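Chain and residue survey
Here's the letter readout for the chains.
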Amino acid sequence: MSSHKISFTPPRKSGWQLPTLVLLLGLIWLLVWQQLQALADWLTYDLIGLQAHTRLGESVNFFLYDVPKILMLLAGMIFLVTFVRSFFSPEQTRAALGGRREGVGNVLAAGLGVLTPFCSCSAVPLFIGFVESGIPLGVTFSFLIATPVVNEIALAMLFGLFGWQIAGLYLISGLTIAILGGMLIGRLRPERYVEDFVWQVQVGQQAADITYKPTLDDRIRDAGRSTKEIVGKVWLFVIIGIGIGAGIHGYVPENFLANVMGREAWWSVPTAVLLGVPLYANAAGIIPVVHALMEKGAALGTVLAFMMSVVALSLPEILILKRVIKLRLIAIFIGIVAVAIIFTGYLFNLVIG
């Protein structure tokens, strides 16, 4: 038998070059961002030669302005969110929720669901890990609801496009839905709807003494790789969404949208949610449509309800969760979240004129 010598390479220390480069690129990003409207106007009305205040001119201008704006906002926010996310892990989340009772546990789980936005593929191992840690299922569902409902990309893009007021409303409503939804599910004795094998799974214990703390350079490089990967996967959906938004912006009459998605139409909110449930799309692709709808006079509550149903009731996550919970609990989960989103849409339409 041949013996292999195991060598240990200590982690590299962070230097100043990479953080300085990131700050410089951030400054360039900000300067370019401020000139996007002027660039879109020059391309539309000077280079292409379209007339201002025409349907075609407004649609093309909207498209040429929103494509770089949304992609830049998307890349910048993904980089920041991924950098922050590197300070959290599933094991840390489980440890923070372990031993928490319902009520306080639901509030904490919803907050952690926003701060630690894991992808849909993490739903099953996280669910099993929470069960193994003794976390109540109601608390677990507050986390699972908050993670997609308060989508970090949607939150960041709403802030960049509409300001902190609308982004804050989206955050507060999403947290409320997650907290109350988890508490309600916890009252329904959901344990009977969990597949039997889940209770028998023993998740391997993580070695507490073997921890690796990435350096600042490592976090920056990981954030850069994630940004490149995610933007590479969604850029086409973004452009398609902006194209739809440009058509809405230029050709859909304001009176039509005001009648269909306005506050006066009582059926607009549930209809928007019903349309959004099967229409799975990522947040980056739906935000341009939301932007165009709001610019044309659609009611804020109706548009937010549509957006939240699209990104919250994720078809991939539901299919993945089917492996560990029964259809009845999935139906309860969808129903509670859908009703909460409808209520939120009505509330926003009532409060915000």
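Scroll up to find the structure.
Residues numbered from 1 in each chain as written. Predicted model: local features only at pLDDT ≥ 70, side-chain atom pairs only at ≥ 80, totals over all residues. Heavy atoms only, no water.

This part covers the pattern of salt bridges. For the structure shown, the criterion picks out 2 salt bridges. Aspartate 66 is the salt-bridge partner of lysine 69, the closest N and O atoms lying 3.2 Å from each other. Highlighted residues: lysine 69 and aspartate 66, both in helix 3 (residues 55-85), separated by 3 residues, approximately one helical turn. Per residue, the accessibility class of lysine 69 equals that of aspartate 66, and both read buried. Across the pair arginine 225 and aspartate 222 runs a salt bridge, and its minimum N-O distance is 2.2 Å. Of this pair, arginine 225 and aspartate 222 both sit in helix 11 (residues 216-251), separated by 3 residues, roughly a single helical turn. Judged by relative accessible area, which is 35%, aspartate 222 ranks as partly exposed. (Salt bridge = Lys/Arg side-chain N within 4 Å of Asp/Glu carboxyl O. Helix = DSSP H or I, 4+ residues; strand = E, 2+ residues; numbered from the N terminus. Buried < 20%, exposed > 50% of the residue type's maximum accessible area, 1.4 Å probe, protein only.)

So, on to the layout of surface pockets. Computed from the structure, the second largest pocket encloses a volume of approximately 630 Å³. Lining the second largest pocket are 21 residues, with Val22, Leu25, Gly26, Gly76 and Phe79 positioned closest to its centre. Put simply, the parts of the chain that give the lining of the second largest pocket at least two residues each are helix 1 (17-34), helix 3 and helix 11. Examining the composition of the lining of the second largest pocket, we find that 10 residues originate from one element, helix 1, more than from any other. Grouping the amino acids of the lining of the second largest pocket by side-chain chemistry returns 17 nonpolar, 4 polar and no charged. (1 Å grid on protein atoms, 1.4 Å probe; cavity = no way out; pocket = protein on both sides within 12 Å on 5 of 7 lines; lining within 4 Å. Points joined across faces, edges and corners; volume = space filled by probe spheres on them. Nonpolar A, V, L, I, M, F, W, Y, C, P; charged D, E, K, R; others polar.)

Right, let's get into unusual backbone geometry. Of note in this structure, histidine 53 is not a glycine but carries a positive phi near 65 degrees. With respect to the helices, strands and loops of the structure, histidine 53 is situated in the loop between helix 2 (36-47) and helix 3. The residue arginine 189 is not glycine, and still its phi comes out positive at about 50 degrees. With respect to the helices and strands, the residue arginine 189 is situated in the loop between helix 9 (164-187) and helix 10 (196-200). Given a relative accessible area of 54%, arginine 189 falls into the exposed group.

Glancing now at the packing of aromatic side chains. Counted under the stated rule, the structure contains 2 aromatic pairs. With 5.1 Å between their ring centres and 15 degrees between their planes, tryptophan 29 and tryptophan 33 make a pair best called stacked. Separated by 4 residues within a single helix, tryptophan 29 and tryptophan 33 lie in helix 1, roughly one turn from each other. Among the residues examined, tryptophan 33 registers a relative accessible area of 22% and is labelled partly exposed. With a centroid separation of 5.8 Å and 45 degrees between ring planes, the pair formed by phenylalanine 141 and phenylalanine 333 is classed as tilted. Within this pair, whereas phenylalanine 141 is found in helix 7 (residues 137-149), its partner phenylalanine 333 is found in helix 17 (residues 327-351), the two being separated by 192 residues in sequence. With a relative accessible area of 0%, phenylalanine 141 lands in the buried category. A relative accessible area of 4% means that phenylalanine 333 is categorised as buried. (Phe/Tyr/Trp six-rings, centres within 6.5 Å; stacked < 30°, edge-to-face > 60°.)

Turning next to the nonpolar core. In this structure, Ile145, Tyr170, Met307, Ile325 and Ile341 are the most contacted members of the largest nonpolar core, which totals 77 residues. Per-element accounting of this core gives the leading share, 10 residues, to helix 15 (residues 300-312). (Core = buried A, V, L, I, M, F, W, Y, C linked by side-chain atoms within 4.5 Å.)

Since there are 3.6 residues in each turn of an α-helix, residues three or four apart along the chain are aligned in direction. Given a rise of 1.5 Å per residue, 24 residues ought to cover 34 Å, and the 34 Å separating the end C-alpha atoms of helix 9 matches this to within 8%. All buried positions along helix 9 are accounted for by Ile166, Ala167, Tyr170, Ser173, Gly174, Ile177, Ala178, Ile179, Gly181, Gly182, Ile185 and Gly186. Just beyond helix 9, the residue with positive phi is arginine 189, at close to 50 degrees. (Expected span 1.5 Å × (residues − 1).)

Moving on: the packing of helix 9 against helix 15. It is at 12 Å that the axes of helix 9 and helix 15 come closest, and there the two elements cross at 55 degrees. Comparing their axes, helix 15 and helix 9 come out oblique. Helix 15 is crossed by helix 9, and the crossing has right-handed handedness. For the pair formed by helix 9 and helix 15, the contact residues are Ile166, Leu169, Tyr170, Ser173, Gly174 and Ile177 on the first element and Leu300, Met307, Met308 and Val311 on the second. Grouping the constituent residues of the contact of helix 9 with helix 15 by class yields 8 nonpolar, 2 polar and no charged. (Axes fitted to C-alpha atoms, helices over the stretch in contact; angles between N-to-C directions. Parallel < 35°, antiparallel > 145°, perpendicular 65-115°, else oblique. Left-handed = near helix turned anticlockwise from the far one by under 90°. Contact = heavy atoms within 4.5 Å.)

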